[in-house]
Each structure stands twice: as C-alpha cells, then as structure tokens.
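Each chain, written out:
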Amino acid sequence: MRRAVCPGSFDPITNGHLDIIARASRLYDEVYVAVMINKSKKGLFEIEERIELIREVTADYANVRVEAFHGLLVDFCKQRDIPAIVKGLRAVSDFDYELQMAQMNVGLTGVETLFVPTNPTYSFLSSSLVKEVAAWGGDVSHLVPEPVLEALNKRLRKD
C-alpha cells in the first residue's frame, strides 16, 4: 500500500490545503493529514476542532485519514510506515525552507518529500491571511470550504 502524509497546522484548513490533499489522494492509496500540535502557539481553533473540520471537508476522500501529531514528523511517518511527505509550494520562498526540512527528514529516516506546485488560484493563500482578513470582516468565502467559513464566522462572532 502506498502511503503519504500531508502535514500542517491547518488553523484553519483552506481551499489551497484541500487542493493538495485531494491531489495526493489520487496518487496514494492512503493519505494521512497530520495536524501539528504546537503547545507554545495558541491557534484560533483547538486541535480537536481542526481535526473535525478537516474530516468533514475531506469526507469524500475515502483514503484520507486525519490525526494529530506532536514531535518529529518523521517519527509519525515511521510509526505508520509512511515513506513520503507531500508538501505544497506556493512560491520560491517556500522552497528554501521546505528543501532544508526535506533534506533533514531524508537524512534522519529516509522519508522522502514530494513537492507539489500549488494551483495558481491559491498561490497567495495561507491560514494566517484567511484569519486576518476574516477578523477584519473581509469575505473569505472563496478561500475556505463552507464548514470552515461557518466555524470562522462563529469564532469571530460574525454570524
């Protein structure tokens, strides 16, 4: 069985994230969405909320699993026999950082990283940008799936 992981904080998941997950799900038999736990950062959504939203918006992909992880991503991969990490790249600036991570990961455990160019429609998109625009009352309905938009509006009290 061919397995891969799409890691991130997903606070919240965006249409750009969903595009990468959907594309990975067509290439691999099983795709894990690994939601990073960073106890030193306070996110807009709790880990459980993020996992629930991701499960809801990936429900059409029977081969996608969603789990939280804390620690090294390569350990998550080793525990689940996952040989590949799939990462979306929006710009050259993403590549500089992600290349270093990919080289470290392959050096630590042999886990490979595959870079997928982001759909140009989402090349500017980030969770941070979505949260900022939504907090100021901007329309992010075209940037996130409907359940995420509802959760954002509820959290930011803009029902």
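Cut-offs applied
- Residues numbered from 1 in each chain as written.
- Predicted model: local features only at pLDDT ≥ 70, side-chain atom pairs only at ≥ 80, totals over all residues.
- Heavy atoms only, no water.
- Pairing = 2+ DSSP bridges.
- Helix = DSSP H or I, 4+ residues; strand = E, 2+ residues; numbered from the N terminus.
- Axes fitted to C-alpha atoms, helices over the stretch in contact; angles between N-to-C directions.
- Buried < 20%, exposed > 50% of the residue type's maximum accessible area, 1.4 Å probe, protein only.
- Polar contact = N/O pair within 3.5 Å; in protein donor to acceptor, adjacent residues only side chain to side chain.
- Contact = heavy atoms within 4.5 Å.
- Core = buried A, V, L, I, M, F, W, Y, C linked by side-chain atoms within 4.5 Å.

## Some remarks on the sheet that holds strand E4 (residues 84-89)
Read from one edge of the open sheet, five strands run E3-E2-E1-E4-E5, paired in parallel fashion. This sheet does not close on itself; its edge strands, each paired only once, are strand E3 (64-69) and strand E5 (112-117). Pairwise comparison of adjacent strand axes, ignoring direction, gives a mean angle of 30° for this sheet. As defined by bridge partners, E4 adjoins E5 across six bridges and the pair is classed as parallel. Opposite Leu89, over in E5, you have Pro117 as the bridge partner.

## Topic: the side chain of Thr14
By the secondary structure assignment, Thr14 is in the loop between strand E1 (3-8) and helix H1 (15-27). Given a relative accessible area of 2%, Thr14 falls into the buried group. Separated by 3.2 Å, the side chain of Thr14 and the backbone nitrogen of Gly16 make a polar contact. Ignoring sequence-local partners within four residues, the contact set of Thr14 consists of Leu125, Ser126, Ser127, Val130, Leu143, Val144 and Pro145.

## Looking at the nonpolar core
One finds Ile13, Val86 and Val140 to be the most contacted residues of the largest nonpolar core, which totals 34 residues. Listing elements by their share of this core, those giving two or more residues are E1, H1, strand E2 (30-36), helix H2 (47-57), E3, E4, helix H5 (127-135) and helix H6 (146-155). Ranked by residues supplied to this core, first place goes to H2 with five residues. In terms of nonpolar packing, the next biggest core, distinct from the first, is built from eleven residues, Ala34, Leu73, Phe76 and Cys77 among them.

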